[in-house]
Amino acid sequence: MEYKIAVIDGDGIGPEVCAAALQVFDAVGKKYRHDFRFEHVLMGGAAIDKTGVPLPKTTVDICKKSNSVLLGAVGGPKWDGLPGHLRPEAGLLGIRKALNLYANIRPAVLLNALKKTCPLRADIRDNGINIIVVRELTGGIYFGKRKTVDKSGGADGDKTYAYDTEKYSVDEIKRIAVKAYEIASKRQKKIISVDKANVLDSSRLWRKTVHELNAEYPDIEVVDMLVDNAAMQLVKNPSQFDVVLTSNMFGDILSDEAAMITGSIGILASASLGGGNLGLYEPIHGSAPDIAGQDKANPVATILSAAMMLGMSFGLDRESAAVEAAVNSVLEKNIRTADIKEAGSTVVGCKEMGTLIAEEILKAH
Ligand code: IPM
Ligand code: MG
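Keep in mind the model is a prediction, meaning the values are calculated, not measured.

Draft legend 1. Geometry of the domain arrangement of the protein. Split by domain assignment, the protein resolves into domain 1 (1-101 + 275-365) and domain 2 (119-261). Buried surface at the junction of domain 1 and domain 2, both sides included, amounts to about 730 Å², of which 61% is carbon and sulfur. Where domain 1 touches domain 2, the interface holds zero salt bridges. At the boundary of domain 1 and domain 2, one finds one residue pair in polar contact (both at pLDDT 80 or more).

Draft legend 2. Spotlight on the packing of aromatic side chains. On inspection of all chains with the given rule, the structure shows seven aromatic pairs. The side chain of K97 reaches across the aromatic face of F143, ending 4.6 Å from its centre. The residue whose ring lies beneath R135 is Y142, and the NZ or CZ to ring-centre distance is 5.2 Å.

Draft legend 3. Inspection of the site of ligand 1 at higher detail. Contacts to ligand 1 come from E89, L92, R96, R106, R135, Y142 and D252. Note that an oxygen atom of ligand 1 is positioned 2.7 Å from one of the side-chain N or O atoms of R96. In the model, an oxygen atom of ligand 1 is placed 2.8 Å from a nitrogen or oxygen of the R135 side chain. Contact with the protein chains hides 75% of the accessible area of ligand 1, taken as 320 Å² for the molecule alone. The element contributing the most residues to the shell around ligand 1 is helix α4 (residues 88-98), with three residues. When its residues are assigned to classes, the shell around ligand 1 shows two nonpolar, no polar and five charged. Split by domain, the residues of the shell around ligand 1 number at least three in each of domain 1 (1-101 + 275-365) and domain 2 (119-261).

Draft legend 4. How the structure looks around the sheet that holds strand β1 (residues 2-10). A sheet is described by the order of its strands in space; here 10 strands give the open sequence β2-β1-β3-β12-β11-β4-β5-β10-β8-β9, paired in mixed fashion. Sheet topology places β2 (35-41) and β9 (221-226) at the edges, where each strand pairs with a single neighbour. Looking at each pair of strands side by side, their axes are set apart by 25° on average, direction ignored. Its contacts with the sheet place helix α6 (residues 170-185) against β4 (103-109), β5 (130-136), β8 (190-195), β9, β10 (243-246) and β11 (269-273), and it is angled at close to 160° to β5.

Draft legend 5. Structural view of the environment of T337. By the element assignment, T337 lies in the loop between β13 (335-336) and β14 (346-347). Looking at T337, the relative accessible area reads 0%, which means it is buried. Along the backbone, T337 and L55 are 282 residues apart, and their C-alpha atoms lie at a distance of 31 Å. Of the polar contacts made by the side chain of T337, one reaches the side chain of D339; its length is 2.6 Å.

Draft legend 6. A look at the environment of S193. Here S193 shows up in strand β8. Each C-alpha atom of the pair S193 and A230 lies 9.5 Å from the other, and the pair is 37 residues apart in sequence. With residues up to four places along the chain from it excluded, the contact list for S193 reads W206, V210, V222, V223, D224, M225 and L245. One polar contact links S193 to W206, side chain to side chain, over a distance of 3.1 Å.

Draft legend 7. Quick look at the packing of helix α1 (residues 14-32) against helix α11 (residues 317-332). The interhelical angle for the contact between α1 and α11, taken along N-to-C directions, is 130°, at an axis separation of 11 Å. Relative to α11, the element α1 lies oblique. When the axes of α1 and α11 are compared, the crossing they make is right-handed. Only R318, E319, A322 and V323 of α11 make contact with α1, whose side of the interface consists of V24, V28 and Y32. Here the contact of α1 with α11 is built from residues that sort into five nonpolar, no polar and two charged.

Draft legend 8. A look at the pairing of β4. The element β4 is extensively covered by neighbouring structure, given that six of its seven residues are classed as buried. Of the strand pairs in this sheet, β4 and β11 are connected by three bridges, and their pairing is antiparallel. Bridging from a neighbouring strand, I105 pairs with A271 of β11.

Draft legend 9. View of helix α7 (residues 201-213). With 13 residues, α7 should cover 18 Å at 1.5 Å per step; its first-to-last C-alpha distance of 19 Å lies within 8% of that length. Along α7, the residues that are buried comprise S202, S203, W206, T209, V210 and L213. Along the long axis of α7, the arc covered by the buried residues comes to 130°, so they all point the same way. Opposite the packed face of α7, turned more than 90 degrees from it, sit the exposed residues D201, K208 and E212. Tucked inside the fold, the buried residues of α7 contact β5, α6, β8, β9, β10 and α9 (248-261).

Conventions we followed
- Residues numbered from 1 in each chain as written.
- Chains lettered and ligands numbered in written order.
- Predicted model: local features only at pLDDT ≥ 70, side-chain atom pairs only at ≥ 80, totals over all residues.
- Heavy atoms only, no water.
- Domains from an automatic or database assignment.
- Buried area = accessible area lost by both parts, 1.4 Å probe.
- Salt bridge = Lys/Arg side-chain N within 4 Å of Asp/Glu carboxyl O.
- Polar contact = N/O pair within 3.5 Å; in protein donor to acceptor, adjacent residues only side chain to side chain.
- Phe/Tyr/Trp six-rings, centres within 6.5 Å; stacked < 30°, edge-to-face > 60°.
- Lys NZ or Arg CZ within 6 Å of the ring centre and 35° of its normal.
- Near = heavy atom within 4 Å.
- Areas by Shrake-Rupley, 256 points an atom, 1.4 Å probe, with all protein chains shown as cover.
- Helix = DSSP H or I, 4+ residues; strand = E, 2+ residues; numbered from the N terminus.
- Nonpolar A, V, L, I, M, F, W, Y, C, P; charged D, E, K, R; others polar.
- Pairing = 2+ DSSP bridges.
- Axes fitted to C-alpha atoms, helices over the stretch in contact; angles between N-to-C directions.
- Contact = heavy atoms within 4.5 Å.
- Buried < 20%, exposed > 50% of the residue type's maximum accessible area, 1.4 Å probe, protein only.
- Parallel < 35°, antiparallel > 145°, perpendicular 65-115°, else oblique.
- Left-handed = near helix turned anticlockwise from the far one by under 90°.
- Expected span 1.5 Å × (residues − 1).
- Arc of directions from axis to C-beta.

Here it is in structure tokens:
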């Protein structure tokens, strides 16, 4: 079968990690007889440089016509001075909104092979870390009304102010909660819903809506946790978390924390989904401009994002599992990129890592 994949290489290490993931798609295609077709499109800083805007319309059109989208990373110091709506990040927010990808799924798993890279104490880490953050992605403060009112230069001093608004509707909360309930049904049947209901109205509505929906999923236990406590519990006792359901902003923050306690932001993948099969798959890490173009990046997060695409968008569960198995087997051999190297590791570059994982897929029975 033919699958059309739009590839947003993006900025910094984005093109390198995408190239490694495409090698893996090619191996999967060869081994399991699928035809993966790639179309490279511009977004972020690369798009700003070529077209003047971070998200050209043709990019949105091509993504919409594809079966799925793979993204490297966007942003970098080169575009830091631009106004908010013209920054590379505006491209990312724009594509999420344009494709209505309201559910961001971010697994944070401590792989056996990488136990030593975990920064937590051994007695904590040995209870295991296997968390899925389900983050609302197209609402909340990221997309609420915002404004800067410039009142500088007044006679009585600088009275400039700015605001951003956190707003959630019942429907927005419901649809993301449904995703969390569905994911929880296939896992430990426990959701920790994170909010700030002791302060925010939007969080109180969040809590009420999530609990009302519990009636439709009676076998799922829902525990509420305030976001500050959640940030603390993630380092104190991460094994209590299975599915974490939360808003756009809290999810942004907690997913970085969840990623880092596994010691290896360079290996963590993510999926952004909407109502249909089309999804956008990207590594959790950023564009790492400091190591861009040096073949030092870790392509595993992007490769595992490709594995998520195979399973979640294409229903190719066997192929998805094969990619994960290949990654594990390369890491078990202590072959590592520099960011996750340990004593005795064979350190390889981004390209070579991609090649080795692709070869492993072709070799597997
Ligand atoms: C992420 C990133 C983005 C976000 C930025 C780059 C806009 O941090 O995907 O987590 O905040 O959503
Ligand atoms: Mg983030």
